[in-house]
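Secondary and tertiary structure notes
Here's the letter readout for the chains.
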Amino acid sequence: MLKNKTIVLGITGGIAAYKAVDLASKLTQAGARVEVVMTEAATNFVTPLTLRNITHRQVVTDMFESNSEWSEEHIALAEAAAAVIIAPATANTIARLATGIADNMLGTVVLATKSPVIIAPAMNDVMYANTVTQKNIAKLKSRGFTFIEPEHGRLASGKMGKGRLPDTATIIKAIEKALGQKQDLTGKRIVVTAGGTREPIDPVRHIGNRSSGKMGYALAEAARDRGAKVTLVSANVTLEEPSGIEIIKVKTAAEMKRSVSGAVKKADALIMAAAVADYQPEAMAKAKIKKGKQDMTLKLVKTPDILGEVKGKFLRVGFAAESENIISNAKKKLTEKKLDLIVANDITKSDSGFDADTNRVVIIDKKGKAEKLPLLSKREAAERILDMVKGLIN
Ligand code: C5P
């Protein structure tokens, strides 16, 4: 959603300006081109150098105001912006914007842009509540600007009050919404499992599988971005933890079953993207098994079938990693496990399945209707799976 988008980040002179550094960093990590425009007052709180290092781009400040080359740049910036976010926005900047004053860089960009403008005020609670500030906000709202309400909490003065800048995830969500991100899963609770379980043989060995967790993580992140409340039950992955998602770490199939049983209590859907072991050693040896005999036999017993055994009224989505007769095998699983949807993928190809960043999947519903998707990034495949999930939840 944010990838390759130009986001103008306006930073004004309030103590919360330091939080804009994190926002710039997260937006950059998400693939956005972040163009920072700082008011002169903002440069007293954080340095342009910090922002330049984080965004890898020039930072525009009012200190260059007299330079005509830069002023033209602002019109270009205003045109290139997919969205303008001002965080934190002081009462002073809000007042200037409300009257259309463009005597600084930020004012010029805002006046010259046709793109969505999002404003996150952060200030002393009395200044925020002041009728002048509230009138200015109302005026800007009526002009189509989006406001992110400040939060109640401890302010720089040490007092409690409404005026704190919300966290980075909340601000990013508002930007994505402005950019047209679908919020069609708002209020839905979705449990996703990801990764591969490990069944211990002894304290140092286990039976595992090659699942990287990328598909499950892509599903969890896509569901979060579409407004869902997501719980991710994650087994043995090395991926970075996404923000705004409740993560429960597990190792074995039995642990995964316990966590999933708890998490699905209020869920609308369970998406089992994890590769769960089908068998586990009958018992784990207490001490490391010593080398000795020419051969050894390991007795395996079935693991709990999570999809089949976890009770509740939620949509059940299974995955079928297949190496042959993909569709017929997946259909069989869908019926046996009483699923609403099954996502089948061919694990014999190097561009789909385990550890790949792309996937080639077929989504099959209860009626047996199969939708074969082309080679897609795991994120794009996740969006398509969620489109189907959304249609069935409602
Ligand atoms: O039968 P198979 O293991 O191929 O089924 C795969 C689907 O079932 C996946 O969605 C997987 O997460 C789920 N599963 C499960 N409990 C198991 C094994 C697999 O819920 N013990």
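First things first, this report covers the structure right here in the doc. (Residues numbered from 1 in each chain as written. Predicted model: local features only at pLDDT ≥ 70, side-chain atom pairs only at ≥ 80, totals over all residues. Heavy atoms only, no water.)

Here we take up the nonpolar core. Counting 35 residues, the largest nonpolar core has Ile190, Val192, Leu219, Ile271, Phe319, Ile385 and Val389 as its most contacted members. For this core, the elements supplying multiple residues, two or more each, are strand S9 (189-195), helix H9 (214-225), strand S12 (229-235), strand S14 (269-272), strand S17 (315-322), strand S18 (341-346), strand S20 (361-365) and helix H13 (378-393). Formed by 32 residues, the second largest nonpolar core is a distinct cluster that contains Ala17, Ala20, Ala32 and Val34. (Core = buried A, V, L, I, M, F, W, Y, C linked by side-chain atoms within 4.5 Å. Buried < 20%, exposed > 50% of the residue type's maximum accessible area, 1.4 Å probe, protein only. Helix = DSSP H or I, 4+ residues; strand = E, 2+ residues; numbered from the N terminus.)

Another aspect to go through is helix H8 (residues 168-178). Every buried residue belonging to H8 is among Thr168, Ile171, Ile172, Ala174, Ile175 and Glu176, and all of these are buried. Buried-residue contacts for H8 involve strand S1 (6-11), helix H1 (17-29), strand S4 (83-89), strand S5 (117-121) and H9. Of the residues one or two after H8, Gly180 is the one with positive phi, at around 100°. (Contact = heavy atoms within 4.5 Å.)

A separate point is the site of the ligand. If you check the shell around the ligand, you find 14 residues, and the closest are Met272, Ala274, Pro304, Phe319 and Lys333. Phe319 is positioned with one of its backbone polar atoms (N or O) 2.8 Å from an oxygen atom of the ligand. The separation between an oxygen atom of the ligand and a polar side-chain atom of Lys337 is 3.1 Å. Alone, the ligand offers 450 Å² of accessible surface; in the complex the protein occludes 87% of this. Contributions of two or more residues to the shell around the ligand are made by helix H11 (306-309) and S17. Class assignment for the residues of the shell around the ligand results in eight nonpolar, two polar and four charged. (Near = heavy atom within 4 Å. Polar contact = N/O pair within 3.5 Å; in protein donor to acceptor, adjacent residues only side chain to side chain. Areas by Shrake-Rupley, 256 points an atom, 1.4 Å probe, with all protein chains shown as cover. Nonpolar A, V, L, I, M, F, W, Y, C, P; charged D, E, K, R; others polar.)

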